[in-house]
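Residue-level structure breakdown
Each chain, written out:
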Amino acid sequence: MTGNGASAEFAVVGAGIVGIATALQLQRDGHDVALYDPDPPGQGCSFGNCGGICIGSMTPVGTPGILKDVPAMLLDRQSPLSIDWRYLPRLAPWLWKFVQASRPGRVEAISIALNRMLTDSYEAYQPLLRSAGASDLFRRIGLLYVYRSKESFRRARWGHDMRARRGVRVEYLDGNEVAQLEPALAPVFTHGVFIPDSGHVTNPGRLSEVLAEDFVRQGGTIRRERVMGFADFAADGPRALVSDAGTRPIGQVVIAAGAYSRPLAKALGSDVPLDTERGYHAMLEAPGVELRIPLMSGEGKFGITPMEHGLRLAGTVELAGVDAPPNWRRAEILIEQTRPMFKALGTDKAKFWMGRRPSMPDSLPVIGRSPRHRNAWFAFGHGHLGLTLGAATGRLIADLVAGRPPSVDAAPYRADRF
Ligand SMILES: Cc1cc2nc3c(=O)[nH]c(=O)nc-3n(C[C@H](O)[C@H](O)[C@H](O)COP(=O)(O)OP(=O)(O)OC[C@H]3O[C@@H](n4cnc5c(N)ncnc54)[C@H](O)[C@@H]3O)c2cc1C
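A brief report on the enclosed structure follows. (Residues numbered from 1 in each chain as written. Predicted model: local features only at pLDDT ≥ 70, side-chain atom pairs only at ≥ 80, totals over all residues. Heavy atoms only, no water.)

With respect to the overall build of the protein chain
On a plain count of helices and strands, the protein chain comes out with 11 helices and 21 strands. Against the 2.2 N^0.38 benchmark of 22 Å for 418 residues, the protein chain shows a C-alpha radius of gyration of 21 Å, consistent with a compact globule. If you line up the protein chain on its principal axes, its C-alpha atoms span 65 × 45 × 40 Å. Considering only residue pairs separated by 6 or more positions, the protein chain has 76% of its internal contacts joining residues 24 or more positions apart. Surface accessibility of the protein chain: about 16800 Å² in total, with carbon and sulfur atoms responsible for 52%. Side-chain charges of the protein chain comprise 49 positive and 42 negative groups, with the mean position of each set lying 3 Å from the other. (Helix = DSSP H or I, 4+ residues; strand = E, 2+ residues; numbered from the N terminus. Rg over C-alpha atoms; globule rule 2.2 N^0.38 Å. Contact = heavy atoms within 4.5 Å. Areas by Shrake-Rupley, 256 points an atom, 1.4 Å probe, with all protein chains shown as cover. Lys, Arg positive; Asp, Glu negative; His and termini not counted. Charge placed at Lys NZ, Arg CZ, Asp CG, Glu CD.)

Now the structure itself:
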C-alpha cells in the first residue's frame, strides 16, 4: 500500500495503533507523513488485544497489593502472571523499577497522570473514525467486572475506589444484579462492578487496517521496511533513517514501534527501560452465547469481549522477553477459566494468539520529544492501554510538534524520567 509521498517530512516508525493514529494526527496538521513497518498495518500487539477502550483503567499494574500476591501467583500454574525464569537476569533491572513504582505515593501520582489521558481517549478517536467511515467499530456500553467471592471482590475494591476518586462512574452490584445485567453468565458470581462509560472496539485488527487505509487515501505513504537506525546527524538530530531498503531522508521522526522501540530510542541516545508483558487471546468463533457487555474476570484478570467475529478471551501477563516462542498453554488456561463462567460455552473453534505489550515499569507510556534530538519524538510503552490511548497519543504528539498548548501535561511521560 503506497501513497504519493516521495521524501516524507515525517517518518513514523511502527504501524500499530499508536503509530497509525499518530501518523493520522500529524497528517491532519498538514505534514507529509510516511509510516514504516515491515508488516502490514496493525499486525503486532494491536491485532489481538481485548478491544477495551478502558476509560477507568488508571490503576497501574504495579501496586502494593500485587507485590504481596506475586509469590502465590507464581506457584499457581493457572495464575494470570507467569515468568520465564531464564529471562529473569535480563528482566531484573525492569523488575526493580517496577517495585519502586509500586509504592503507594507513586501509584497515586501514576494514576492521576494516566487518568488525564484516559478521560477523553474515546472522544479522541471520533474524528479519525468519521474520516475512515469506521464509527461502527466502536461501542460504548460499559465494562462489567465479575467476582466469584467476597474475598476476591474485597481485594479488588481499592482499584474501584481509586476509579471513583478519579471521577469515573462506578456501580457496585450484587450477584442478582450481575445476572440481570448479563443473563448469559452462570449463577456463580457474588459481586460485580459496572463501569458504564467504558467502551470497546469490535475488531481491533480491522480498526488498524481501516485507519491505515484512510491515511493512504489522504496522501500518506506506507513503506514496508524495517527501520534499523539513523544517519546524517545534524544539530537538531538525524536527517536520514536507515532501513532494510536503504537510507531515506527525513525531516522528523516518531518512534512508535511498540515493544521493539528500545533499540531505536537507544540509537537516538535514550536508554529507556522498556520491556514486554506478553499476553494471549483465545478467539471463539462459535461460542454459542450472546454476551451483551464486555466482561473482566476478577479472579483470572482477563477480558471477555464480544467481537464482530466471535468471542475473545484475552489478557494475562507473561514476562519472557520479546523473542521467546509462545507458550500456548497460557491461552488454553483462558478457555479453562472461562468455561465455568457461562451457562454454556462453545470452545471448539478456538484460535490462539500471543502479543507483546510494550511495557514501562511504571505503566506510563513514553510520549514526547526525544531528550537528545529536537526532530525526534517518542510514542511507545503503552502497556495494557495502547488501544485505548492510541488516538490521544497521536493528538498529544501533534500538539507538541505544532507548539500548541496540549490538552494534557506531557511531563509525566517524558523518556528520561527514570
Ligand atoms: C492480550 C492483550 C490484551 C490487551 N487488551 C487491551 C485492551 O483491552 N485495551 C487496550 O487499550 N490495550 C490492550 N492491550 C494493549 C495494546 O494491545 C497495546 O498496548 C498496543 O497494541 C500497543 O500498540 P503499539 O502500536 O505501540 O504496538 P504494536 O501494535 O505492537 O505495533 C508496533 C509496530 O511496530 C513495528 N515495528 C517493530 N520494529 C520495527 C522496526 N524496526 N521498523 C519498523 N517497524 C517496526 C511492528 O511490526 C508493529 O507493527 C492488550 C494487549 C494484549 C497482549
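The discussion continues.
Quick look at the nonpolar core
Core analysis: the biggest nonpolar cluster contains 66 residues, and L26, Y125, F138 and L207 have the highest contact counts within it. Per element, the largest residue contribution to this core is 8 residues, and it comes from helix α11 (residues 386–402). Each of domain 1 (10–47 + 206–273 + 363–413) and domain 2 (56–116 + 137–200 + 275–359) accounts for three or more of the residues forming this core. Discounting residues that sit within four places of it in the chain, Y125 has contacts with I17, I53, F138, L207, G386, L387, T388, G390 and A391. The next biggest cluster of nonpolar side chains, apart from the first, holds 26 residues, and it includes L144, V178, Y280 and V289. (Core = buried A, V, L, I, M, F, W, Y, C linked by side-chain atoms within 4.5 Å. Buried < 20%, exposed > 50% of the residue type's maximum accessible area, 1.4 Å probe, protein only. Domains from an automatic or database assignment.)

A closer look at the pairing of strand β20 (residues 366–369)
The side chains of a regular strand alternate, residue by residue, between the two faces of the sheet. Pairing of β20 with strand β21 (residues 376–380), which is carried by 4 bridges, proceeds in the antiparallel orientation. Across the sheet, the residue bridging to R369 is W377, located in β21. The hairpin formed by β20 and β21 contains 6 residues between the paired strands. (Pairing = 2+ DSSP bridges.)

Some remarks on the site of the ligand
Neighbouring residues of the ligand: 38 residues in total, closest D37, S46, G52, G383 and T388. Taking N49, its side chain carries an N or O atom lying 3.0 Å from an oxygen atom of the ligand. Coverage of the ligand by the protein amounts to 95% of the 1000 Å² it exposes when considered alone. For the shell around the ligand, the secondary structure elements donating two or more residues are α1 (17–28), β15 (275–284), β19 (350–359) and α11. Take the shell around the ligand: its biggest share by element is 4 residues, from β19. Taken together, the residues of the shell around the ligand break down into 18 nonpolar, 15 polar and 5 charged. (Near = heavy atom within 4 Å. Polar contact = N/O pair within 3.5 Å; in protein donor to acceptor, adjacent residues only side chain to side chain. Nonpolar A, V, L, I, M, F, W, Y, C, P; charged D, E, K, R; others polar.)

Structural notes on helix α3 (residues 88–101)
Relative to the 20 Å expected for 14 residues at 1.5 Å per residue, α3 spans 19 Å between its end C-alpha atoms, a close match to the ideal helical length. Along α3, the residues that are buried comprise L91, W94, F98 and A101. (Expected span 1.5 Å × (residues − 1).)

Considerations on the environment of L35
Assignment of secondary structure puts L35 in strand β2 (residues 33–36). In contact with L35, other than residues within four places in its own chain, are V12, G14, A15, G19, I20, A23, F215, T221, I222 and R223.

A short note on the pairing of strand β1 (residues 10–13)
Judged by which residues are buried, β1 turns out to be covered on both faces: F10 and V12 on one side and A11 and V13 on the other are all buried. Of the strand pairs in this sheet, β1 and strand β14 (residues 252–255) are connected by 4 bridges, and their pairing is parallel. Residue pairing across strands places V13 opposite I255, the latter belonging to β14. Here β1 runs beside β2; their pairing, made up of 4 bridges, is parallel. Its bridge partner lying in β2, A11 is registered against A34.

A few points about the sheet that holds strand β13 (residues 246–249)
If you walk across this open sheet you meet the 3 strands as β11-β12-β13, and the pairing is antiparallel. Sheet topology places β11 (227–234) and β13 at the edges, where each strand pairs with a single neighbour. The average undirected angle you get between the axes of adjacent strands in this sheet is 30 degrees. Where strand β12 (residues 237–243) and β13 come together, 4 bridges link them in antiparallel fashion. Its bridge partner lying in β13, S243 is registered against G246. (Axes fitted to C-alpha atoms, helices over the stretch in contact; angles between N-to-C directions.)

Regarding the packing of aromatic side chains
Summed over the entire model, instances satisfying the criterion amount to 8 aromatic pairs. For the ring pair Y280 and W328, a centre distance of 5.9 Å and an interplane angle of 85 degrees mean the geometry is edge-to-face. With Y280 in strand β15 and W328 in the loop between β18 (310–319) and α10 (329–338), this residue pair connects regions lying 48 residues apart in the sequence. Since its relative accessible area comes to 1%, Y280 is described here as buried. Of the residues examined, W328 reaches a relative accessible area of 35% and is grouped as partly exposed. Ring pairs connect the aromatic residues Y122, Y125 and F138, which therefore count as one cluster. One residue, R140, lies across the ring of Y122, its end atom 4.3 Å from the ring centre. (Phe/Tyr/Trp six-rings, centres within 6.5 Å; stacked < 30°, edge-to-face > 60°. Lys NZ or Arg CZ within 6 Å of the ring centre and 35° of its normal.)

A few points about the layout of surface pockets
Here the second largest pocket is characterised by a volume of approximately 390 Å³. Every residue lining the second largest pocket is counted, 16 residues in all, and those nearest its centre are Y87, R90, G321, V322 and D323. Counting residues per element, the ones that place at least two in the lining of the second largest pocket are α9 (261–267) and β15. Looking at the lining of the second largest pocket residue by residue, the class counts come to 8 nonpolar, 2 polar and 6 charged. (1 Å grid on protein atoms, 1.4 Å probe; cavity = no way out; pocket = protein on both sides within 12 Å on 5 of 7 lines; lining within 4 Å. Points joined across faces, edges and corners; volume = space filled by probe spheres on them.)

Fair warning: the whole summary comes from geometry, so function is off the table for now.
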